[in-house]
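Chain by chain, the residues run as shown.
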Amino acid sequence: MYTLSTLPGDDVRQIMWRFSDRFDLQMVVQSARQIARGTVATLVAEGARHTHEWTEHKAQLLEAFDQSGLTSLFMDPHQGGFIEGPKNLALALVAFELSWVDGGSATCSLASNLALAPIHEKGTREQRDFYMHRATPPQPGEDREIWRGAFALTEPLPYVGVDTGVLVGKVRVDEWKDGAEPMLHVEKRGRFITNMDFAHFVTAAVDSADERIQGSCMITLQADDPGSFDRGAPTLKMCHQLSSTRDPIITVKVPASRIIGGYEIKDGVIVPKYSHSEIIGAVFHRTRIPVGLMTTAKLLSAVEPVIRYQRSRFRGGDASGPGSPKFEMGLQQKEDAQQRLVDIWAMGEAGASLGFGAARMADAFDPVEKRKEALLEEQGCTGPRKQMAALKKKQAETLEYVDLLFADPADKAANQARLDELEADTLVRFSYLDAVLGVTIPATKVWNTGSGANTLREAISLMGGYGITEDCPGFLMYKWADSQLEATYEGPEAVQRMHLTVTMGNPVFLAVLGKWADKLDASDRPGAAALDAAIRAWLWAYEFLDAAKDAEGKKLLHRKRQGVTFPLADALCWLVAAASLFDDVDALIENGPMNPTVAEGLEGLVGFYTDLAFVQAARAAGEAGRILAELVYGYGAQADTSAFAALRAEIDANLAGARLAKDRAGEALTQVMIPEALDYPM
Ligand SMILES: Cc1cc2nc3c(=O)[nH]c(=O)nc-3n(C[C@H](O)[C@H](O)[C@H](O)COP(=O)(O)OP(=O)(O)OC[C@H]3O[C@@H](n4cnc5c(N)ncnc54)[C@H](O)[C@@H]3O)c2cc1C
C-alpha cells in the first residue's frame, strides 16, 4: 500500500498537463491564481454575487485582469500581448484557475476574448490590429481607455442562439455613393450578451435584408457609432453573477469595412468573405475548451475543503479528544465518505486530462489550419464545399499517417521517412488534428460540464447541511449553480451532441479511436483492459447501428435520430475522458522521476493516480456498457449480437480489482496532508 503524502502541487500538474517547459504559462497560472484567491474570493465572500447588476464592486475584477496581464493574454506581442503563437492552453489554464474560486469571474475574463475571436480567426489584418491594440492596456506614454468587447450571436426568443442558422439581426445598405465605401444600417437585438454593461464594441451576427448584400456575416458595432447603442435590460441571473449580462438593442450606421474578414463587390452586390456560421464555427472550435474546464476546476477544487470538513467534523465535542480516531479522522473513518470523494476526484482528473489535452492539440492545430487556408486559397479552392472535397481526397493518406503515428517503435523507425513526409503534408496533418479535435472539443464541453454538474451535487452532499449554506467552504453551492450555465452557453448539451453526431463517424477519428484501444490493450496498467474492451464495444455498436434499421426500415445512425446518436455520443465522451486520464498518468510515470520535487513522493503519487485512473475506467466502461447495451439490444433484438455480448462480458471481467483500487485510493485520502488553512478565504 502506498501513501499519498500531499495533494498534487503545480509540479505534478505541469507534468500531467504538459507545460513543465513553458515558463510563460507557469507565470500566467500564478497571475490568475493570485486574482482568483484574492480579488475574486473577496468579492464572493463580501456578497458581490447577491445582485445581477454590474456594480463598481464587481468592476474591480476588470482592473485586476488589466493589471495582472490577463486582459492582454489573448493578443500577440505586436498587438500588446506577451505570448507568441497559439494561446488555447494559456486561456484554458486561466479559466481553470479563476473557476477554482468562481466561474463567473472566468467568464468575465474570457468574454472580451470571445468578442475578439471572430476578428482574430477571420478578420482582415487591419481589423485585427485595430481591435487587438485597443483591447490591451495602454503602454507607457499612451493615454487611452481599454476597449472591452461583447460577442452577440444569441437573439430574443424565439430565435435564441442554438440554431445558429436563424438570425433576426439584419444588415442593409444605408448609403452607397459612387466610388465610395458603402455605409450599412445594422439592427441587432441581443439576448444574454456577456460584457454588455461596459462593452465598447460588439461583434454581431447578422443576416442580409438587402438584395445588395449576400447572405449573413459578422460585423463590428461600436458604442460611438451613429445611431442607438442601447445596452438593454440586465439578465436576472441566478448564477455567474461576477460577469455582466444584458439584452442589448442596437441600431447603428457603420462602414462596410466593419464586415469581419472583408468583402468583395460582385455585380453590384456586397459579398462578405465569410458567412456568420463559418466564423462562429472557427471561434467555438476553440473557445468551448475553457468553458468545459471551468466545471472541472470546481470538481478538483472541492477535494481539499471536503477532506478538511470530513476530518474536523467531530472536533470540539465531548465525545472525542485529540489523538482519538474520531477526533483526527472524523467522517473519514467511514468508507462511503472516502470513496465518494475518490469518485469526485477521478471525474475531475478525467475532465482535466480531456480538456487540457484538447487545448494542447488546439495549439498544434492553429498554425496548421492557417497553412491549410493559405494553401487551399492558393489553389483556388475556397468555400466550405470545395475545401471538404479537397480534404476528402487526402483521407487515404491521413489513415496511413494514423497507422504510422501509432505504430510500435520498430515499425515507426522503419517507416520514418514516410511518416515525416505525411507529417509535412499540411492537408494530412490538418485532417488528422481536425478529426480528433472535432470530437474532443465538444466532448470537453458536454461531458465536463454535464457530468461535472451532476458530480458537483455529490460534492455538496459530502458537506451535509453546510453544503447548501452560503458559508459552505469552497463556495460549492455557487459552483454547482454556475455549472448549469457552463453546460448551457456556447451551445447547450444538445448542440454539442449534434456536433458529435457528425464528427464521431469520421473514418479518421474511428481509426484513431481504434489505435487508442490498441495502446490500452498493450498497456499492463490496471483498468486499461476494461477501457480497451469498452472502446471496442463502442466501435462495434457504431458499426452495428450504422447498418441497422428501425421497425419502419429507416436508418438508425442518422442525424435526425437523436435517440440513437446522442446516447452514442455520451458513451463516447465517458470513454475518451477516461482514456485521456490514462495518457496523463503515463506522462507522470515517464517524466515524474526527472523532477526532483515530484520524484520525492512519486511512488505514492503514481500509486494513487493509477488507482484513480482505474476507478474512472471502471465507471466509464460501466456507463458506456449500459448505454451501448440499451442501444444494441434495444434496436437489434433480432440481430446477431453475440460479438457484442462477448465484448460486454470482457468489460465486466476486466473490472477485476476495480473496487480494491477504490479501497486503496479512499484509504490514501485519510492519510494525505492538507494545508493548515483553506486555499482561499471565506
Ligand atoms: C448568462 C448568459 C450569458 C450568455 N452570454 C452570451 C454571449 O455573450 N453571447 C451570445 O451570443 N450568447 C450568450 N448567451 C446565450 C447562450 O449561448 C444560449 O443561451 C445557449 O447557447 C443556449 O441556447 P438557448 O438559450 O437558445 O437554448 P435553447 O435553444 O432554447 O435550448 C434549450 C434546450 O432545448 C434543447 N434543444 C435546443 N435545440 C435543440 C435541437 N436542435 N435538438 C434537440 N434539442 C434541442 C436542448 O435540450 C437545450 O438544452 C448567454 C446565456 C446566458 C444565460
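Before reading on, note that the structure itself is shown above.
From a predicted model like this one, the values you see are computed outputs, not experimental measurements.

Rules and cut-offs
Residues numbered from 1 in each chain as written. Predicted model: local features only at pLDDT ≥ 70, side-chain atom pairs only at ≥ 80, totals over all residues. Heavy atoms only, no water. Helix = DSSP H or I, 4+ residues; strand = E, 2+ residues; numbered from the N terminus. Rg over C-alpha atoms; globule rule 2.2 N^0.38 Å. Buried < 20%, exposed > 50% of the residue type's maximum accessible area, 1.4 Å probe, protein only. Core = buried A, V, L, I, M, F, W, Y, C linked by side-chain atoms within 4.5 Å. Contact = heavy atoms within 4.5 Å. Phe/Tyr/Trp six-rings, centres within 6.5 Å; stacked < 30°, edge-to-face > 60°. Lys NZ or Arg CZ within 6 Å of the ring centre and 35° of its normal. Axes fitted to C-alpha atoms, helices over the stretch in contact; angles between N-to-C directions. Parallel < 35°, antiparallel > 145°, perpendicular 65-115°, else oblique. Left-handed = near helix turned anticlockwise from the far one by under 90°. Nonpolar A, V, L, I, M, F, W, Y, C, P; charged D, E, K, R; others polar. Pairing = 2+ DSSP bridges. Salt bridge = Lys/Arg side-chain N within 4 Å of Asp/Glu carboxyl O. Polar contact = N/O pair within 3.5 Å; in protein donor to acceptor, adjacent residues only side chain to side chain. Expected span 1.5 Å × (residues − 1). Disulfide = S-S within 2.5 Å. Arc of directions from axis to C-beta.

## Considering the overall build of the protein chain
Looking only at helices and strands, one finds 24 helices and ten strands in the protein chain. Relative to the globule expectation of 26 Å for 682 residues, the C-alpha radius of gyration of the protein chain, 26 Å, shows essentially globular dimensions. Overall size of the protein chain, expressed as C-alpha extent along the three principal axes, is 85 × 60 × 50 Å. Taken over 682 residues, the protein chain has a buried fraction of 57%.

## Digging into the nonpolar core
Counting residues in each nonpolar core, the largest one holds 191 residues, and the members touching the most others are Trp538 and Leu588. When sequence neighbours within four positions are dropped, the list of residues in contact with Trp538 reads Met504, Leu510, Leu513, Leu568, Ala571, Leu572, Leu575 and Leu628. Counting residues in hydrophobic clusters, the runner-up holds 23 residues, among them Val202, Ile219, Val252 and Ile270.

## Some details on the packing of aromatic side chains
Under the defined criterion, the tally for this structure stands at 24 aromatic pairs. Considering the side-chain rings of Trp147 and Phe201, the 6.3 Å spacing of their centres and the 35° angle between planes classify their relative orientation as tilted. On the criterion of sequence distance, the pair formed by Trp147 in the loop between helix H6 (125-134) and strand S1 (149-152) and Phe201 in strand S5 (residues 201-208) is long-range, its members being 54 residues apart. Taken individually, Trp147 and Phe201 each receive the classification buried, so the pair is uniform in this respect. Put simply, the rings of Trp17, Phe96, Trp100 and Phe356 touch in pairs and so form one group of aromatic residues. The ring of Phe130 has Arg134 sitting right over it, with the charged end atom 3.8 Å from the ring centre. A cation sits over an aromatic face here: Lys326 above Phe314, 5.0 Å from the ring centre.

## As for the packing of helix H7 (residues 276-301) against helix H15 (residues 426-461)
Look at H7 against H15: their axes get within 8 Å of each other, and the N-to-C directions meet at 30°. The angle between the axes of H7 and H15 places the two elements in the roughly parallel class. Crossing handedness for the pair H7 and H15: left-handed. Counting all contacts with H7, which are made through Phe284, His285, Arg288, Ile289, Val291, Gly292, Leu293, Thr295, Thr296, Lys298 and Leu299, the residues of H15 involved are Asp434, Leu437, Gly438, Ile441, Thr444, Lys445, Asn448, Thr449, Gly452, Ala453, Thr455 and Leu456. Residue composition of the contact of H7 with H15, grouped by class: nine nonpolar, ten polar and four charged.

## A word on the packing of H7 against helix H8 (residues 303-312)
Taken N-terminus to C-terminus, the directions of H7 and H8 make an angle of 25°; their axes are 5 Å apart at the nearest point. As summarised for this structure, H7 and H8 are arranged roughly parallel, according to the angle between their axes. Contacts between H7 and H8 involve Leu299, Leu300 and Ser301 from the former and Val303, Glu304 and Pro305 from the latter. Each residue belonging to the contact of H7 with H8 can be placed in one class, and the counts come to four nonpolar, one polar and one charged.

## So, the pairing of strand S8 (residues 245-255)
Summarising the sheet, strand S3 (residues 183-189) and S8 pair through seven bridges and their orientation is antiparallel. Looking across to S8, one finds that Lys188 is bridged to Ile250. Sheet topology places strand S4 (residues 193-194) next to S8; two bridges connect them, and they run antiparallel. Paired with Thr194 across the two strands is Thr245, which belongs to S8. As defined by bridge partners, strand S7 (residues 227-234) adjoins S8 across six bridges and the pair is classed as antiparallel. Bridge assignment links Ala233 to a residue of S8, and that residue is Asp247.

## Points about the environment of Gly348
Within the secondary structure layout, Gly348 lies in helix H10 (residues 335-378). Classification of Gly348 as buried rests on a relative accessible area of 0%. In the structure, Gly348 is positioned 91 residues away from Val439 in sequence and 19 Å away in space, judged by C-alpha atoms. The residues touching Gly348, leaving out its near neighbours within four places in the chain, are Thr296, Leu299 and Leu300.

## Comments concerning the environment of Leu341
With respect to the helices and strands, the residue Leu341 is situated in helix H10. Residues Leu341 and Thr503, 162 residues apart in the sequence, show an inter-C-alpha distance of 34 Å. In contact with Leu341, other than residues within four places in its own chain, are Val303, Val306, Ile307, Gln310, Leu462 and Leu669.

## Observations concerning unusual backbone geometry
Although it is not a glycine, Arg18 sits at a positive phi angle of roughly 55°. If you trace the backbone, Arg18 turns up in the loop between helix H1 (10-16) and helix H2 (23-45). Not every positive phi belongs to a glycine, and Glu490 is a case in point at roughly 60°. The exposure class of Glu490 is buried, given its relative accessible area of 12%.

## Some remarks on the pattern of salt bridges
For the coordinates displayed, the defined rule picks out 51 salt bridges. Put simply, Arg148 and Asp66 hold a salt bridge, and the shortest N to O gap is 2.8 Å. Highlighted residues: Arg148 in the loop between H6 and S1 and Asp66 in helix H3 (residues 56-68), separated in sequence by 82 residues. Of the two residues, Arg148 and Asp66, neither departs from the other in class, the shared state being buried. Ionic pairing is found between Asp518 and Arg536, a salt bridge with its closest N-O pair at 2.9 Å. Separated by 18 residues along the polypeptide, Asp518 in helix H18 (residues 507-522) and Arg536 in helix H19 (residues 528-547) bring together distant segments of the chain. Each of the salt bridges in this network shares a partner with another, and the network as a whole consists of Arg18, Arg360, Lys519, Asp583 and Asp584.

## So, the side chain of Arg246
With respect to the element layout, Arg246 can be found in strand S8. Exposure remark for Arg246: the relative accessible area of 15% places this residue in the buried category. Of the polar contacts made by the side chain of Arg246, one reaches the side chain of Asp197; its length is 2.6 Å. Setting aside residues no more than four positions away along its own chain, Arg246 makes contact with Glu53, Arg191, Phe192, Ile193, Met196, Asp197, Arg231, Gly232, Ala233, Pro234 and Thr235.

## Examining H2
With 23 residues, H2 extends 32 Å between its outermost C-alpha atoms, agreeing within 8% with the 33 Å of an ideal straight helix rising 1.5 Å per residue. A positive phi of about 90° marks Gly47, the residue just after H2.

## What about the state of the cysteines?
Overall, the coordinates contain zero disulfides when judged by the stated rule. Free cysteine: Cys472, not disulfide-bonded; nearest cysteine sulfur from Cys239 at 17 Å. Assessed through its relative accessible area of 1%, Cys472 is described here as buried.

## Section: helix H12 (residues 395-405)
When H12 is considered as a whole, its buried residues turn out to be Thr398, Tyr401, Val402, Leu404 and Leu405. Projected onto a plane normal to the axis of H12, the buried residues spread over an arc of 165° and lie on a single side.

## What about the side chain of Thr641?
Following the sequence through the fold, Thr641 ends up in the loop between helix H22 (602-635) and helix H23 (642-653). Filtering out sequence-adjacent residues up to four positions away, Thr641 remains in contact with Trp540, Phe544, Val632, Tyr633 and Gly636.

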